[in-house]
Structures are given as C-alpha cells and as structure tokens.
Amino acid sequence: IGMKITRLESFLVNAGLRNYLFIRLTTDDGLTGIGEASLEWQEMTVQTVLHEWVEDRVLGTDPFDLEAVIGGMIRDQYQGGPTVMTAISGVEIACWDLIGKACAQPVYRLLGGQCHEFLPAYANGWYGNCETPKQYAEKARTVVERGYSGLKFDPFGTAWKEMSQEQMDQAEAVVEAVRNAVGDRVELMIEAHGRLSVACAIEMGLRLVPYRPAWYEEPVTPNSLDLLAEVKAALPYPIAAGERLYTLPDFFRLIQMRAADVVQMDPAHCGGLHISRKVAAMAEAQDMTVSPHCSIGPVALCAALHFDWATPNVQIQENFADFDVPWRDDLVHGWNPTANGMYILPDRPGLGLELNTEVCNAHPYRK
C-alpha cells in the first residue's frame, strides 16, 4: 500500500521586493502536491539546498510518513537555521497537499477539523512609503475600509538599540495618529523587528500604553529569550515573538519561560504543519495563543490557514495578500481565501490550490 514521491520540481517567481519559491511533488499514482519555500532574499539559496540535499531524501518516500521523512531530515541536516529548514518546510507542506488529495479531504480536516466559527485577518505590508503620522493615518483608514479588524505596523523607522527622545516622540505620534484614525475597536499590532535594547523597548512600550496595543512584536532580539521576558514583565499588554525560531527546543524554551504571550511560529520556516501543531500544543498547555507569521506567498498563507482553522488557540492570522504585487493571486488558482477582512473556510481536497505555471514563468526571478 501507499504511494511514492517520484518527482520534485521548483518554481522561482518574482514578487516585487522578493521572490517566491514554489515546490511541486508528483507521486507514482499521478497526484501532485504543492508547497512553498520562500525565504526573503535567500530564495535561490533555498532552491539550491532543496535540489542539492532535500530532493534525494524525499524521492521514493511515502508522503504520509511525515514523522520519519521530515523528522529524519530535521535530525540529519545538522547545521540548522532558516535556509535548510525552509526547504524542508516547503516539502512538508506539499506532502500535506498530497495527503489531503489522497484522502479527498481539505488539510484542516486532517489536522483536527474546524474549531473556529470565524477566523479574522490582520493586515500587514500596508504602510510602505509612509513616513509622517498623517500618511500612516490616511493609509490605515483605507485598510480598515477593506474590513480588517487589525493592523500591524513598525513605527520605529531604522532605530537600532537606542532611540533619542525625538525618535520616540515620532514613533508615538505615528501610533497615536493610527489609533485616532481607526477608532477604538481596531486592534493595533506594534512591530519592532527585534531592533531595540531592553531599556529602550520598555521605555517606548510604556509610552504606547494609552493606545492599547494588541501586542508588541519582537521588541528585542528574538534569540535572547531572557531579554524578551524582561520586557514582557515590565509591560501591561501582550508580547508576540517566535517567527525567527526554527526548532522545537527553541519553542519549548520560549513557552516554558512564558517569555511572550503570542507565539508566532512560521509553518513555512519551522518544519511545516506537523511541527507547528506540536508548538501550538505546548503553547496551549501554558495558556498562550499562537498566530502564525506569514510574510510570503499564497501557498504558505494557504497552509497557515488550514493550520489556523484546526488549532484552538489561534485567534487571528496575518495577511499580506492585499498589499502584494498585482499578479500574486494569479500565481495560483483555486480559492481566494479572504473576504472583508475575514478568512473563508477551504472546501477542496488538500490545500485547495494549484500552481499556474504559465503565470509563474511570466514573472522570472529577479535579484
């Protein structure tokens, strides 16, 4: 019994500021499964490791044997880090697409089934080219008009470790302008990209209290969980982190320490959906929520959504799709996952998407 993977193809596609790397697996009984292994500004490097090392480990295996095949690669790749883990994750997602098609079920039903009545989206990527508080406010209004109930943005410019009083005033003015523009009901996720020192993150964080952030994301470097815990202890609202952690032991430590409130594993970088489920279960036991990071293309978002619908401690999911290149949705065909700031439950077997290779080929890789 069982099927065997007989072919692994990769498609490198330009998407404006970055490129998307899609994967297609084919089995001996003719099924195809798609995944995504995009890693911003290292896409060609991931493609190399995908064919140099991952491909040989995958060909001839049964896609149902995730623990052995994916677990074996995670064990044997040795060096760790985002490049090889992204290549492995992309294949893992494609295996789920195959599993769903073989079972004639959407992936979320195989991960635990629907456990949410609604799945809201928060917008990211909307504030490009914004500099002044007024520009942020005007752009924020247009985002909320699309139906979004949450917005994420980084008001800190290019700050590194310390900020002057003037820079702090500017960052606070941006947050205040956005809050005033969108009203009290919209959630504001404040992003720092890990760039601040503990003292600066706390001082800035306290200044943001009146604007009631939904969370403060990566206020300090995510690799120093003890520093993250220090910031969390000093502030009265949630901390989010985890997009730059890649292994189960790292997530265990984050969760055991309760160094954040919201765990943001990225299924396209941390090993895929079965690892993400393990992280979510650990977080659930510590009363922590999860909100997967997803800053790349449509296949990765689709995989995250299947995970979200089936995972009880997910509250909201990031969405870049409305603020991406105009051809984003044409790269795949299947279902459009969003309407009015909410996600739509997928209903087709597997992930429910197929690659449109003609459109992919029309947008070749650009450095």
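Residues numbered from 1 in each chain as written. Predicted model: local features only at pLDDT ≥ 70, side-chain atom pairs only at ≥ 80, totals over all residues. Heavy atoms only, no water.

## Details of the overall build of the chain
Condition: The secondary structure listing takes helices from DSSP runs of H or I that are at least 4 residues long and strands from runs of E that are at least 2 residues long, numbered from the N terminus. What the globule rule says is 2.2 Å times the number of residues to the power 0.38, and the radius of gyration is computed from C-alpha atoms. Per-residue accessibility, obtained with a 1.4 Å probe over protein chains only, is compared with the maximum for each type, and a residue is labelled buried under 20%, exposed over 50%, and partly exposed between these values. Contacts between residues were defined by any pair of non-hydrogen atoms, one from each residue, lying within 4.5 Å.
In terms of helices and strands, the chain carries twelve helices and 15 strands. A compact globule built from 367 residues would reach a C-alpha radius of gyration of about 21 Å, and the chain, at 20 Å, matches this within 12%. In the chain, which comprises 367 residues, the share counted as buried stands at 59%. For the chain, long-range pairs separated by at least 24 residues make up 71% of all intrachain contacts whose partners lie at least 6 apart in sequence.

## A closer look at the pattern of salt bridges
Defined as follows: A side-chain nitrogen of Lys or Arg and a carboxyl oxygen of Asp or Glu constitute a salt bridge if their distance falls within 4 Å.
Counting across every chain of the model gives 20 salt bridges. Residues Glu138 and Lys134 are paired through a salt bridge, measuring 3.2 Å at the closest nitrogen-oxygen approach. In this pair, Glu138 and Lys134 both sit in helix H5 (residues 133-145), four residues apart, roughly one turn of the helix. Residue Lys134 is classed as exposed on the basis of its relative accessible area, which comes to 59%. Two residues, Arg207 and Glu172, come together in a salt bridge whose shortest N-O distance is 2.9 Å. With Arg207 in helix H7 (residues 198-207) and Glu172 in helix H6 (residues 165-182), the pair connects residues that are 35 residues apart, well separated along the chain. Glu172 matches Arg207 in its accessibility class, with the two residues each being buried.

## Some words on the nonpolar core
Condition: Take the buried Ala, Val, Leu, Ile, Met, Phe, Trp, Tyr and Cys residues and link them wherever side-chain atoms come within 4.5 Å; each set so joined is a nonpolar core.
Residues Leu25, Val91, Trp126, Leu151, Phe153, Phe156 and Tyr216 are the most contacted members of the largest nonpolar core, which totals 124 residues. Per element, the largest residue contribution to this core is eleven residues, and it comes from helix H3 (residues 82-103). Beyond its immediate stretch of four places on either side in the chain, Trp126 contacts Tyr136, Lys139, Ala140, Val143, Leu151, Lys152, Phe153, Val178 and Phe323. Counting seven residues, the second largest nonpolar core, distinct from the first, contains Tyr122, Met189, Ala214 and Trp215.

## A look at the side chain of Glu55
Our working definition: In this charge count, Lys and Arg are treated as positive and Asp and Glu as negative; neither His nor the chain ends contribute. Whenever two N or O atoms come within 3.5 Å, that pair is a polar contact, provided that in protein one can donate a hydrogen and the other can accept it, and provided that, for residues adjacent in sequence, both atoms are side-chain atoms.
With respect to the element layout, Glu55 can be found in helix H1 (residues 43-58). One buried charged side chain, Glu55, makes no salt bridge at all; its nearest oppositely charged neighbour is Arg7, positioned 7.6 Å away. Looking at Glu55, its side chain comes within polar contact range of the side chain of His51, at 2.9 Å. When residues no more than four places from it in sequence are discounted, the contact partners of Glu55 are Leu8 and Leu50.

## Observations concerning the environment of Lys367
The topology assignment puts Lys367 in the segment after helix H12 (357-362). Exposure remark for Lys367: the relative accessible area of 93% places this residue in the exposed category. Along the sequence, Lys367 and Ile239 sit 128 residues apart, while their C-alpha atoms lie 34 Å from each other.

## Some words on the layout of surface pockets
Inclusion rule: A 1.4 Å probe that fits but cannot get out identifies a cavity on a 1 Å grid over protein atoms alone, an open set with protein on both sides within 12 Å along at least five of seven lines counts as a pocket, and a residue lines either if it has an atom within 4 Å of a point. Grid points are joined across faces, edges and corners, and a volume is the space filled by probe spheres set on the points.
Its volume calculated, the largest pocket comes out at about 980 Å³. Around the largest pocket, the lining comprises 32 residues; the ones closest to its centre are Glu40, Trp41, His193, Ser295 and Phe320.

## Thoughts on helix H8 (residues 225-234)
Cut-off, in case you're wondering: The directions considered for the arc are those from the helix axis to the C-beta atoms.
Taken as a whole, H8 has its buried residues at Leu225, Leu228, Val231 and Lys232. Projected onto a plane normal to the axis of H8, the buried residues spread over an arc of 115 degrees and lie on a single side. Turning to H8, the residues buried within the fold contact H7, strand E7 (215-217), strand E8 (239-241) and helix H9 (248-257).

## Here's the deal with the sheet that holds strand E1 (residues 5-15)
Test applied: When DSSP finds at least two bridges between two strands, those strands are taken to pair. Here, axes are lines fitted to C-alpha atoms. For helices the fit covers the stretch in contact, and angles between N-to-C directions go from 0 to 180 degrees.
Spatially, the three strands line up as an open sheet ordered E1-E2-E3, and their pairing is antiparallel. Of all strands in the sheet, those with a lone pairing partner are E1 and strand E3 (32-36), marking the two edges. Direction aside, the axes of adjacent strands within the sheet are offset by 20 degrees on average. Relative to strand E2 (residues 18-27), E1 runs antiparallel, the two sharing ten bridges.

## A look at the packing of H8 against H9
Worth spelling out the cut-off: Here the angle decides the label: under 35 degrees means roughly parallel, over 145 means roughly antiparallel, 65 to 115 means roughly perpendicular, and every other value means oblique. The handedness criterion is simple: a crossing whose near helix is rotated anticlockwise from the far helix by less than a right angle is left-handed, and one whose near helix is rotated clockwise is right-handed. Gly falls in the polar group here, along with every residue not listed as nonpolar (Ala, Val, Leu, Ile, Met, Phe, Trp, Tyr, Cys, Pro) or charged (Asp, Glu, Lys, Arg).
In contact at an axis separation of 10 Å, H8 and H9 are set at 30 degrees when each is read in the N-to-C sense. As far as their axial angle goes, H9 and H8 are roughly parallel. Crossing handedness for the pair H8 and H9: right-handed. Touching Leu225, Asp226, Leu228 and Ala229 of H8 are Asp250, Arg253, Leu254 and Met257, all from H9. Taken together, the residues that form the contact of H8 with H9 break down as five nonpolar, no polar and three charged.

## Observations regarding the environment of Gln264
Summarising the element assignment, Gln264 is placed in the loop between strand E9 (262-263) and helix H10 (273-285). Gln264 gets classed as buried once you look at its relative accessible area, which sits at 1%. Separated by 21 residues in sequence, Gln264 and Glu243 place their C-alpha atoms 5.1 Å apart. Ignoring sequence-local partners within four residues, the contact set of Gln264 consists of Tyr122, Lys152, Trp215, Glu217, Ala240, Ala241, Gly242, Glu243, Ser291 and His293.

Note that every value here comes from positions in space, so none of it alone points to a role or purpose.
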